[in-house]
Amino acid sequence: MEDEEWVLVRRTTEKDWWSSSFMDDDDNGENSRSLKITFNGPAKHWTDAIPIGNGRLGAMIWGGVALETLQLNEDTLWTGTPGNYTNPHAPEALSVVRKLVDNGQYAEATTAAEKLSHDPSDVYQLLGDIKLEFDSSHLKYVEKSYHRELDLDTATARVKYSVGDVEYTREYFASNPNQVIATKISGSKSGSVSFTVYLDSKMHHYSYVKGENQIIMEGSCPGKRIPPKLNADGNPKGIQFTAILNLQISNSRGVVHVLDGRKLKVEGSDWAILLLVSSSSFDGPFTKPIDSKKDPTSDSLSALKSINNLSYTDLYARHLDDYQSLFHRVSLQLSKSSKRVSGNGPLHMKKHMANNNDLFFKRSEDDTVSTAERVKSFKTDEDPSLVELLFQYGRYLLISCSRPGTQVANLQGIWNKDIEPPWDGAQHLNINLQMNYWPALPCNLKECQDPLFEYISSLSINGSKTAKVNYEAKGWVAHQVSDIWAKTSPDRGQAVWALWPMGGAWLCTHLWEHYTYTMDKDFLKNKAYPLLEGCSLFLLDWLIEGRGGYLETNPSTSPEHMFIDPDGKPASVSYSSTMDMSIIKEVFSAIISAAEILGKNEDGIVQKVREAQPRLLPTRIARDGSIMEWVSGMVNYFGFSDRLWILKIQRFIIDTYHTSLACFQGIQ
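Counting restarts for each chain: residues are numbered from 1 in the order of the written sequence. Only residues with pLDDT of at least 70 get local features here, since the model is predicted, and only at 80 or more are side-chain atom pairs given and counted; chain-wide, interface and lining totals rely on the full set of residues. Calculation of side-chain values draws on the structure's entire complement of heavy atoms; hydrogens and water are dropped beforehand.

- In the nomenclature of an unreviewed UniProt entry, the protein chain corresponds to Alpha-L-fucosidase 2-like from the organism Populus alba x Populus x berolinensis.

1. Details of the pairing of strand β11 (residues 204-210)
So, point 1. Relative to strand β12 (residues 214-220), β11 runs antiparallel, the two sharing 7 bridges. Note that in β12 the partner of His205 across the bridge is Gly219.
So, point 2. Note on pairing: two strands pair once DSSP finds at least 2 bridges between them. To qualify as a helix, a DSSP run of H or I must reach at least 4 residues; to qualify as a strand, a run of E must reach at least 2; elements of each kind are numbered from the N terminus. Remark: 3 residues form the turn of the hairpin made by β11 and β12, two consecutive strands paired antiparallel; Gly211 in that turn has positive phi of roughly 70°.

2. Some words on helix α13 (residues 503-518)
So, point 1. Each helix should span, by expectation, one fewer than its residue count multiplied by 1.5 Å. Look at α13: 24 Å from first C-alpha to last across 16 residues, which is about the 22 Å you get at 1.5 Å a residue.
So, point 2. Residues are treated as being in contact if the distance between any of their heavy atoms lies within 4.5 Å. Elements in contact with the buried residues of α13: α10 (432-437), α11 (450-471), α14 (521-542) and α15 (578-598).
So, point 3. Following α13 by one or two positions, Met519 adopts a phi angle in the positive range, close to 55°.

3. As for the sheet that holds strand β5 (residues 128-133)
So, point 1. With antiparallel pairing, 7 strands are arranged side by side in an open sheet as β2-β3-β4-β5-β10-β15-β14. In this open sheet, the two strands that pair with only one neighbour each are β2 (50-53) and β14 (255-259). Taking each pair of neighbouring strands and ignoring which way they run, the sheet shows an average axis angle of 20°.
So, point 2. Note: strand β3 (residues 57-61) against strand β4 (residues 67-74), 5 bridges, orientation antiparallel. Note on definitions: angles span 0 to 180 degrees between N-to-C directions of axes, and those axes are lines fitted to C-alpha atoms, for helices only across the stretch in contact.

4. Observations regarding the sheet that holds strand β9 (residues 180-187)
So, point 1. Strand order in the open sheet made by the 9 strands is β1-β6-β7-β8-β9-β16-β13-β12-β11, with antiparallel pairing throughout. Each edge of the sheet is formed by a strand with only one pairing partner; in this case those strands are β1 (36-39) and β11. Averaged over all pairs of adjacent strands, the angle between strand axes in this sheet comes to 15°, irrespective of strand direction.
So, point 2. Two elements, strand β8 (residues 166-175) and β9, share 8 bridges in a ladder whose sense is antiparallel. Bridged to Ala174 within β9 is Ile181.
So, point 3. Packed on one face of the sheet, helix α5 (residues 312-327) meets β7 (156-163), β8, β9 and β16 (271-280) and runs near 50° to β8.

5. Section: the confidence of the model for the protein chain
So, point 1. The score called pLDDT rates the predictor's confidence residue by residue, from a low of 0 to a high of 100. The share of residues in the protein chain with pLDDT of 70 or more is 84%, and the mean pLDDT across the chain is 88.
So, point 2. Every residue in residues 340-366 scores below 50 in pLDDT, and together they form 59 contacts with partners more than four places removed in sequence or on other chains.
So, point 3. The low-confidence segment residues 638-668, where pLDDT is below 50, has 71 contacts with residues more than four positions distant or belonging to other chains.

6. Comments concerning the side chain of Asp580
So, point 1. Structurally, the position occupied by Asp580 is in helix α15.
So, point 2. Every residue in contact with Asp580, bar those within four places of it in the chain, is listed here: Trp500, Met502, Thr553, Ser556 and Thr557.

7. Here we look at the nonpolar core
So, point 1. Formed by 161 residues in total, the largest nonpolar core has its most connected members in Ile52 and Phe195.
So, point 2. The leading source of residues in this core is α15, at 12 residues.
So, point 3. Setting aside residues up to four positions removed in sequence, Phe195 forms contacts with Leu132, Glu133, Phe134, Ile185, Leu247, Leu264, Lys265, Val266 and Ala272.
So, point 4. Buried Ala, Val, Leu, Ile, Met, Phe, Trp, Tyr and Cys residues that are joined via side-chain atoms within 4.5 Å together make up what is termed a nonpolar core. Buried, partly exposed and exposed residues are distinguished by accessible area as a fraction of the type maximum, computed with a 1.4 Å probe on protein chains only: under 20%, between the cut-offs, and over 50%, respectively. Ranked by size, the runner-up nonpolar core spans 15 residues in total, among them Val180, Ile244, Leu304 and Ile307.

The structure is reproduced here in structure tokens:
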């Protein structure tokens, strides 16, 4: 071996077998299409910005030239404190509603059911912004040189543009192993990197420079769901948070100045690295912020200290290894592309570690076509590679907003720019939360479901109190909307959305599905079965004997759908909607199957479920062959025979399409 060079070969891991590098490529490289979402200019709207995330921390990259904004989120920042999700007056109101339904007075029952509503959920909040200000020369950048991209293969966002004869490059990623958002800014000429950086937020906050290279921002969320500007001294203490930005510049060139005690100004550096860490005082859904023992500033400083000895290359290598172990499990090739987007396949680790940034941006002529333009041209050129990109983008978003140890993905994942986000940014249990996790198992991301199962466990604790007080029932229940405090009571307002005690039951179907994919018997025994048992106990008590001896749900709604009752009045409350009965049948089937596997066939709950199954109201079929959502004699609010499940499938497709394309430029 004197004339040869030793080559270190590491042991093949499970992730390697899923890696695209182990898959056969055809002669023209068609199987290694670039998975990049590209833009030809800075973001004009928040939905044009690029989302990155490590499950807990998230950022939206706008890609501005003279002024760059990284809009930041941390998944535990919410308004409020743990609540009381019970209503002692609910049993009386429930009795009135049931009597009206029995009498066929559905419109009146719909009005009366509003007395079963409760307080609204709390509100997901934002962390703040990293603001980067460059000198006025950047206003004269060469527009044709601008390129912004999200590389799904590496979970890395990049921006590149030229000012005069200097080429600037910015790179961003959110590391799960090291819990940091990293940014690297570099220029093609030595000493060309100069900018000012600071932290800002719409939340109550205070920021200051510590030493010569750190900016610390400390703030708080409102103790009640009101905008911070109206925060009063009498409000309870809310969740506290801290963000710390650490700045590093090239050793050989450049200086850093402190401005106004809260900004850092870099002059004449070769490159700069920004590391953002953040922590909060949130200590679980059952601990009041005022009782939390967590110190966000101390925790954030510890997070920075833990990566002191890691170079940017080290951080990036760890990020890649972690992310790609999940992302590389699935590849999708629908057919040969009608129009090649890129001739470059996924870059190997050696290329990722290279210092030459051109490797990241080398692309074919066709790659200059932005993703927004590809979306628009899809109407006439159904390029299958765009569908592949959309599919993998959905997987990327789930990996980026839900990891073991994080909070469950909320209505917007983790990305939010508002103190009053649409629909509170809350977890909606009447389809949206389920939709977030439908891709997890078919897309080989089972670990990303862990936060969902922990969340269901929290719901079961609060939900047992709601079931006992509101409905005088055993087991546990959760309704249409929840929050970080695991709210389980009905939402405020009209019954058409607020009154729906099937939210927890629908979530429980994910437990059984997880087992069927993984065959993890320990999970079935220790996590799934106890939750299914509690859910089934509630459902058995919620069901009452009704017409023809069948067990029915009363009151019953179909989430966010209304109907015209036999008297011609709009209503939303009746009995035994197909939505209700289908979910109950699925939960009952799951617990019986689980009991057979675990040897629990003789459990009392299993026996009761078996007795109830044949008495559940059968699915009703209309004369035109469609499934009827409501009882006979009713049509939906628009006057057609109801096809609820078709509507829900259509809603899922449309919501998924718009959610996945939200960051594509020009799609609003």
